[in-house]
Amino acid sequence: MSNVCLENITRRFGNVNAIDDISFTIPDGEFWVLVGPSGCGKSTIMRMIAGLETATSGNIYIDDFLVNDVPARARDVAMVFQNYALYPHMTVAENLAFGLQMRKVDREIIKNQVDWVAKSLNIFHLLNRKPKQLSGGQQQRVALGRAIVRKPKVFLLDEPLSNLDAQLRDDTRAELKELHQKVGITTIYVTHDQVEAMTLADKIVVLNGGKIQQVGEPQVIYNRPANRMVAEFIGNPSVNVFAAVFDGVDFEVGEQKIKCSTAIREQIKPISAQGFDLGIRPEFIHIIAPENKENFAELKVLVKVVEPLGRETVVRASLPGVEGFLSLLLSASFRPSLGESISVFLDLNQLFIFDASTGERLFPV
């Protein structure tokens, strides 16, 4: 196991910076997830750590050793791709053992390691089969096992679950987290799926446009997003963000108003006619009036879409005079009619305020 350090890493393709001056350090044994929209640079970072890409500038350290000029085969990292890359002519057991055989590990040790990994991933009964006899989920488990079995310094996973169906993806994700807790190998995981990021990570690195937007624990990023991009990317349903203008006393939101508390006024010092983006997560919008309305804002909305999800209902509603929809996460028993006007109550203690130009979070600190 080893720590991984990226120091001012830039990767340029022609005149385009795919990665722009990125730095972070992953402590020994932790599970970090790189997340962001397609094209943000996640896989490029992964490939540079693996030695499959060369940084234009900056340094990469593995176990405090500079590896810029170390070839991929000598970095002692194991990488799992989304396309499995199994050897079709080998059995599952042979695929799992291949890396250890290349290192001339003792045969008995190889057998013990293969059996342990196969049992951990629930593929022990498949050891004598070949890849073409396996389902996609089983092939993915073999690919994971082949990387884990040789106990590398660093484990790199590039969207390994993206080809699996929803239920199998959930099951494999849980098994992967349990397996990491057992083996403790420093792991870097790339995904665009924020659910995977939230459930797996010790720390999340949110990327956009080749730049780091925020690094932190999942709940910190969820509750205190650094900017509008992070707030909108992390969370499902996504955070509600709508334009507002400070009128000198309150925030005007379309044809309605949201109270500007003393705490907000003291922190962001708004001036009359200044525009902001207000944000609030769906779970903090209620349809039952609170007993004490002091810290709540009441808004009238029009129901546009109702999405029953079994355990809960997602309602998309419009705010008069405001573009887009407001997402509400409500009880499964609540089924409003399309076009119905309802009152909703926003918990002002859970309000985000973003700079309308830069997207940076202004409130809360």
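Details of the structure are given in the entry above.
Quick summary incoming for the structure in this document. (Residues numbered from 1 in each chain as written. Predicted model: local features only at pLDDT ≥ 70, side-chain atom pairs only at ≥ 80, totals over all residues. Heavy atoms only, no water.)

## Focus: the pairing of strand 1 (residues 4-13)
Here comes step 1: Here strand 1 pairs with strand 4 (residues 57-62) via 5 bridges, running antiparallel. Directly across from V4, in strand 4, lies its bridge partner I62.
Here comes step 2: Linking two consecutive strands that pair antiparallel, namely strand 1 and strand 2 (residues 16-26), is a turn of 2 residues; a positive phi of about 65° is found at G14 within it. (Pairing = 2+ DSSP bridges. Helix = DSSP H or I, 4+ residues; strand = E, 2+ residues; numbered from the N terminus.)

## Points about helix 2 (residues 92-102)
Here comes step 1: Every buried residue belonging to helix 2 is among V92, N95, L96, A97, G99 and L100, and all of these are buried.
Here comes step 2: As for helix 2, its buried residues are in contact with helix 3 (107-120) and helix 4 (136-148).
Here comes step 3: Count one or two residues on from helix 2 and you reach K104, which has phi positive near 60°. (Buried < 20%, exposed > 50% of the residue type's maximum accessible area, 1.4 Å probe, protein only. Contact = heavy atoms within 4.5 Å.)

## Topic: empty space enclosed by the protein
Here comes step 1: One pass over the full model with this rule turns up 1 cavity of 30 Å³ or more.
Here comes step 2: The volume enclosed by the largest cavity comes to roughly 50 Å³.
Here comes step 3: What lines the largest cavity is simply F31, I148, F155, L176, L179, H180, V183, I185 and T187.
Here comes step 4: It is helix 5 (residues 166-183) that contributes the most residues to the lining of the largest cavity, 4 residues altogether.
Here comes step 5: When the residues that make up the lining of the largest cavity are grouped by side-chain class, the tally is 7 nonpolar, 2 polar and no charged. (1 Å grid on protein atoms, 1.4 Å probe; cavity = no way out; pocket = protein on both sides within 12 Å on 5 of 7 lines; lining within 4 Å. Points joined across faces, edges and corners; volume = space filled by probe spheres on them. Nonpolar A, V, L, I, M, F, W, Y, C, P; charged D, E, K, R; others polar.)

## A look at the packing of aromatic side chains
Here comes step 1: This structure, assessed with the given rule, holds 6 aromatic pairs.
Here comes step 2: Taking 5.9 Å as the distance between ring centres and 50° as the angle between the ring planes, the aromatic pair formed by F352 and F354 counts as tilted.
Here comes step 3: Look at F352 and you get buried, because its relative accessible area is 5%.
Here comes step 4: Given the relative accessible area of 0%, F354 is considered buried.
Here comes step 5: Taken together, F246, F251 and F276 form an aromatic cluster joined through their ring pairs.
Here comes step 6: We note R11 situated over the ring of F13; from NZ or CZ to the ring centre the distance is 4.2 Å.
Here comes step 7: Seen from the ring of Y222, R281 lies directly overhead, with NZ or CZ sitting 3.9 Å from the centre. (Phe/Tyr/Trp six-rings, centres within 6.5 Å; stacked < 30°, edge-to-face > 60°. Lys NZ or Arg CZ within 6 Å of the ring centre and 35° of its normal.)

## What about unusual backbone geometry?
Here comes step 1: The omega torsion across N236 and P237 is 0°, close enough to zero to call that bond cis.
Here comes step 2: As for its position among the elements, P237 is in the loop between helix 8 (228-233) and strand 11 (240-246).
Here comes step 3: For K151, which is not glycine, the phi dihedral falls at a positive 50°.
Here comes step 4: As for its placement among the helices and strands, K151 is situated in the loop between helix 4 and strand 7 (154-158).
Here comes step 5: A relative accessible area of 51% means that K151 is categorised as exposed.
Here comes step 6: Its identity as a non-glycine residue notwithstanding, K269 has a phi of 50°, on the positive side.
Here comes step 7: In this structure, K269 sits in the loop between helix 9 (262-268) and strand 14 (275-280).
Here comes step 8: Of the residues examined, K269 reaches a relative accessible area of 60% and is grouped as exposed.

## A short note on the sheet that holds strand 1
Here comes step 1: Read across the sheet, 4 strands follow the order 2-1-4-5 without closing on themselves; strand pairing throughout is antiparallel. In the strand order of this sheet, the two ends are held by strand 2 and strand 5 (65-66), each with one partner.
Here comes step 2: Taken strand by strand, helix 1 (residues 42-50) contacts strand 1, strand 2 and strand 4, and its axis lies near 115° from that of strand 1. (Axes fitted to C-alpha atoms, helices over the stretch in contact; angles between N-to-C directions.)

## Overview of the environment of F124
Here comes step 1: Relative to the helices and strands, F124 is located in the loop between helix 3 and helix 4.
Here comes step 2: When its relative accessible area of 39% is taken as the criterion, F124 is described as partly exposed.

## Some points on helix 3
Here comes step 1: Look at helix 3: 20 Å from first C-alpha to last across 14 residues, which is about the 20 Å you get at 1.5 Å a residue.
Here comes step 2: Among all positions of helix 3, only I110, Q113, V114, D115, V117 and A118 are buried.
Here comes step 3: Summarising the contacts, the buried residues of helix 3 are in contact with helix 2 and helix 4.
Here comes step 4: Looking at where helix 3 begins, the residue whose side-chain oxygen comes 3.0 Å from the main-chain nitrogen of E108 is D106.
Here comes step 5: Backbone geometry just downstream of helix 3 places N122 in the positive-phi region, at approximately 60°. (Expected span 1.5 Å × (residues − 1). Polar contact = N/O pair within 3.5 Å; in protein donor to acceptor, adjacent residues only side chain to side chain.)

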